[in-house]
Amino acid sequence: MSFAPATLYGVLLNYRGALAALGEAVNKPPYKAPPKAPVLYIKPANTWIGDGAPIPVPSDVEALQMGAALGVVIGRTACRVSAESALDHVAGYTVVNDVSMPHDSYYRPSVRLKCRDGFCPIGATIVERARVPNPDALAVRVFVDGVLRQQNTTANLVRSTRRLIADVTEFMTLAAGDVLLTGVPENAPLARAGQRVAIEIDGVGRLENPLVAEGRGR
Amino acid sequence: MKRARVAYSGAVHEATDAGGGELRLADGRLVREQMAVWLPPFRPRTIIALGLNYADHAKELAFNAQEEPLVFLKGPNALVGHRGETRRPSDATFMHYECELAVVIGKPARRVSRATAYDYVAGYTVANDYAIRDYLENWYRPNLRVKNRDGCTALGPWLVDRADVPDPMRLALRTTVNGKVTQEGNTRDMISDVPSLIEYLSGFMTLDAGDVILTGTPEGVVNVMPGDEVVTEIEGIGRLVNTVVGDEAFGRSTRQ
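Residues numbered from 1 in each chain as written. Chains lettered and ligands numbered in written order. Predicted model: local features only at pLDDT ≥ 70, side-chain atom pairs only at ≥ 80, totals over all residues.

Next up on the list: the overall build of chain B. Looking only at helices and strands, chain B has 3 helices and 19 strands in total. C-alpha atoms of chain B, sized along the principal axes, occupy 50 × 50 × 30 Å. Taken across its 256 residues, chain B has 48% of its residues classed as buried. By sequence separation, contacts in chain B at least 24 residues apart represent 72% of the contacts at least 6 residues apart. (Helix = DSSP H or I, 4+ residues; strand = E, 2+ residues; numbered from the N terminus. Buried ≥ 20, exposed ≤ 12 C-beta atoms within 10 Å, placed from the backbone. Contact = placed C-beta atoms within 7 Å.)

Turning our attention to helix α3 (residues 194–202) of chain B. All names here are of chain B. Residues Val194, Leu197, Ile198, Leu201 and Ser202 constitute the buried set of α3. Summarising the axial view, the buried residues of α3 lie within an arc of 115°, below the 170-degree limit, and thus occupy one face. In this structure, the buried residues of α3 make contact with β6 (47–51), β11 (99–105) and β17 (212–214). (Arc of directions from axis to C-beta.)

Before going further, it helps to examine the interface of chain A and chain B. Counting residues at the interface gives 28 residues for chain A, matched by 24 residues for chain B. Contributions of two or more residues to the side of chain A that touches chain B are made by β2 (40–42) and α2 (111–114) of chain A. The dominant element in the side of chain A that touches chain B, judged by the number of residues it contributes, is β2 of chain A, at 3 residues. Broken down by class, the residue content of the side of chain A that touches chain B amounts to 19 nonpolar, 3 polar and 6 charged. (Nonpolar A, V, L, I, M, F, W, Y, C, P; charged D, E, K, R; others polar.)

Residue and element names in this part refer to chain A. A sheet is described by the order of its strands in space; here 5 strands give the open sequence β4-β15-β14-β10-β11, paired in mixed fashion. Here the strands that pair on one side only, and so sit at the sheet edges, are β4 (55–57) and β11 (147–153). Across this sheet, the average inter-strand angle for adjacent strands is 20°, counted without regard to direction. Alignment of strand β10 (residues 139–144) against strand β14 (residues 196–201), held across 5 bridges, turns out to be antiparallel. Bridge pairing in β14 places Val142 opposite Ile199. (Pairing = 2+ DSSP bridges. Axes fitted to C-alpha atoms, helices over the stretch in contact; angles between N-to-C directions.)

The next point concerns the pairing of strand β1 (residues 8–11) of chain A. Across a regular strand the side chains alternate sides, sitting on one face of the sheet and then on the other. Residues and elements named next belong to chain A. On β1, burial covers both faces: Leu8 and Gly10 on one face and Tyr9 and Val11 on the other are all buried. Pairing of β1 with β2, which is carried by 3 bridges, proceeds in the antiparallel orientation. Along β2, the bridge assignment pairs Tyr9 with Ile42.

Let's shift gears to unusual backbone geometry. Negative phi values dominate among residues other than glycine, just as trans dominates among peptide bonds. All names here are of chain B. Cis geometry marks the peptide bond from Arg141 to Pro142, where omega comes out at 0°. Looking at the secondary structure, you find Pro142 in the loop between β13 (131–132) and α2 (144–147). Omega for the bond connecting Gly156 with Pro157 falls within 30 degrees of zero, at -10°, which places this linkage in the cis form. Topologically, Pro157 is positioned in strand β14 (residues 153–161). Of note, the phi angle at Arg83 is positive, near 65°, even though the residue is not glycine. Relative to the helices and strands, Arg83 is located in the loop between β8 (79–80) and β9 (84–87). Using a count of 18 C-beta atoms within 10 Å as the deciding quantity, one classes Arg83 as partly exposed. Here Asn178, not a glycine, exhibits a phi torsion of approximately 50°, which is positive. Residue placement: Asn178 occurs in the loop between β15 (172–177) and β16 (180–186).

Hydrogen bonds between backbone atoms are what pair the strands of a sheet, whose relative direction is either parallel or antiparallel. All names here are of chain B. Read from one edge to the other, the open sheet built from 5 strands follows the order β9-β19-β18-β15-β16, with strand pairing classed as mixed. At either end of the open sheet lies a strand with only one pairing partner, and these are β9 and β16. Pairs of neighbouring strands in the sheet enclose a mean axial angle of 25°, with direction left out of account.

With that settled, consider the domain arrangement of chain B. Residues and elements named next belong to chain B. Splitting chain B by domain gives domain 1 (1–39) and domain 2 (42–250). For domain 1 versus domain 2, the separation of C-alpha centres amounts to 24 Å. Facing the 8 residues of domain 1 at the interface are 11 residues of domain 2. Counting only elements with at least two residues in the side of domain 1 that touches domain 2, the list comes to β1 (2–8) and β5 (37–39). Take the side of domain 1 that touches domain 2: its biggest share by element is 4 residues, from β1. (Domains from an automatic or database assignment.)

A few words now on the environment of Ala68 of chain A. Residues and elements named next belong to chain A. Tracing the backbone shows Ala68 in strand β6 (residues 68–74). A count of 27 C-beta atoms within 10 Å places Ala68 in the buried class. Here Ala68 is in contact with Asn97, Val140, Val142, Gln150, Val184, Pro185 and Ile199, once residues within four sequence places are set aside.

Here the focus is the environment of Ile234 of chain B. Residue and element names in this part refer to chain B. Along the chain, the position of Ile234 falls in strand β18 (residues 229–234). In this structure Ile234 comes out as buried when scored by C-beta crowding, with 26 C-beta atoms within 10 Å. With 135 residues separating them in the primary sequence, Ile234 and Cys99 have C-alpha atoms 8.2 Å apart. Not counting chain neighbours up to four residues away, the residues in contact with Ile234 comprise Leu101, Val126, Leu171 and Leu173.

Residues and elements named next belong to chain B. The pairing of β1 with β14 spans 2 bridges and is classified as antiparallel. Considered in β14, the bridge of Lys2 is made with Val160. Across 6 bridges, β1 lies against strand β2 (residues 11–19) in antiparallel orientation. Each bridged residue has a counterpart across the sheet, and for Arg3 the counterpart in β2 is Thr16. Between the end of β1 and the start of β2, which pair antiparallel, lie 2 residues, with Ser9 showing a positive phi angle near 50°. Examined bridge by bridge, β1 and β5 share 3 bridges and lie antiparallel to one another. Each residue of the ladder has a partner; that of Val6, found in β5, is Trp38.

Structure follows, in C-alpha cells:
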C-alpha cells in the first residue's frame, strides 16, 4: 500500500440503482423506511491491501462481490462543513475495492462479511483534488479476467461527493488521512479464486488484484 | 499495573497510578490527577463494539437472541478520555450511556481458540459507549449516526494489565447519574464471553495490538441530560467520569 488511511468509511446504498434494486423492500420490515442519513460502515486496518496484493477467498464461499468505489481522501479536518465548501477539505482521490461476501440483508452491520483480512484493496496513487475537476462525473468500470463486467458513473450517486461529506460531517468529524468511499454501484460483479479483478475510475486510476483461495499466497 | 495517558504541562505522557490521588509520569514527575487532562489510556487501532451482549439488556430493548454476535466498528473520532464531555444534541429525546468492559488486544491474533484467547489480551479498561436512539435507522443497525458521534465513547481512566484481573468474567458493573445508581450488572451475564468474542472475531479478521473490544452493556440504561455527571464503574478496572453537555458548549445553536 502506498498509504495507510487513518480510518476508512464506506457508505451503503449511495448509487440510485442500488437503492432502486431493493424496490418496495425498503418500506417493509425489517427496514420499514428508506435510509435518511448516510449509512456508514468501517473497513478496518486488517482489510487494507495494496495494488496487486491477493484478495483471500474464504473456503466457504464460491465468489466475492467486487465493490468498485471512489475513495475520497480527506486533507484537513472536516466538521460540519457545507456542501459548497466540502471539497476544500479533500486532498485527493483513489480507487478502492470494497470487497464483500455476498449478502442480501442490510439490517445488521455485516462485519463478518465485509471486514475479513484483505477485503479492501486501495489504489497505489492519490490523484490530487485539482486534477479531478468533477468527482461526480467519473466513469467506473470493473473487469474480471480482462472482461468488462460492470460500467457505471459517479453521476448516479444518491448523495454527490460534496453532499455526502456535508451530511457525514454533520454528525462526525473526518480527519486528515481518513478515506470516505462514495458507494458501490448495483450488481457488483462476482469473482472467484484464481481470477483477477481490475477497477478503473476515469481520471483517478486503476486497481488490480488477484483472488486466491484463503490460506494460499499470503 | 494501571496505566494512563495524560496531557500535562504541554505534552502527552504515559503515567501510572502513584496512589493518594497522584499520577507518576514516565519522566518521574508526580502530578495531582486533577491537574492532568486524561486521554484514552492507549492508542486504539480497530474499535470493535458489541450490541445486545447481555440477555437482560436485549430483553429490555425487546430483541430476540441473535444467531451470531452483533458487531459493529467505530472510528477514533468517537473517543474521549476520563473526565471528558459528551454532547447531547438539542433535538435528541433519548440519549443513554452504556457501561462496558473494554478488552484491549496486545498482539496479533488470528484464528485463536477460546482456550488460548486470554494470551492475546493486553488489559482492560472501562467504556461508556453513548447512544442517541433518536437517530436509529434499520440499516446496518445500530447505524454510525447513533454510535459513532464525536466524543460519544468515553474510555479510561486506566488500562489495567491482564495479569491484575484474574477473572474478567466475574466483575460488577455499575453506572451512577449524579450519584444515583441507575445501572447494575455483572460481566458473568454476557451472552458471548471474552474468550468467545476473541475466537469469533479472530476467525475472520486478524486482531492486532491496540484493537479494542467493547463487550456490551447490561440493562438499566436511562436518558441523560446536559449537566448530568455519568460515572461508569467496573470492579477492579476503574471509575470513568463523563459529563453530558449541551449544544451551546460546542458553539451550536440550541435549536436544530
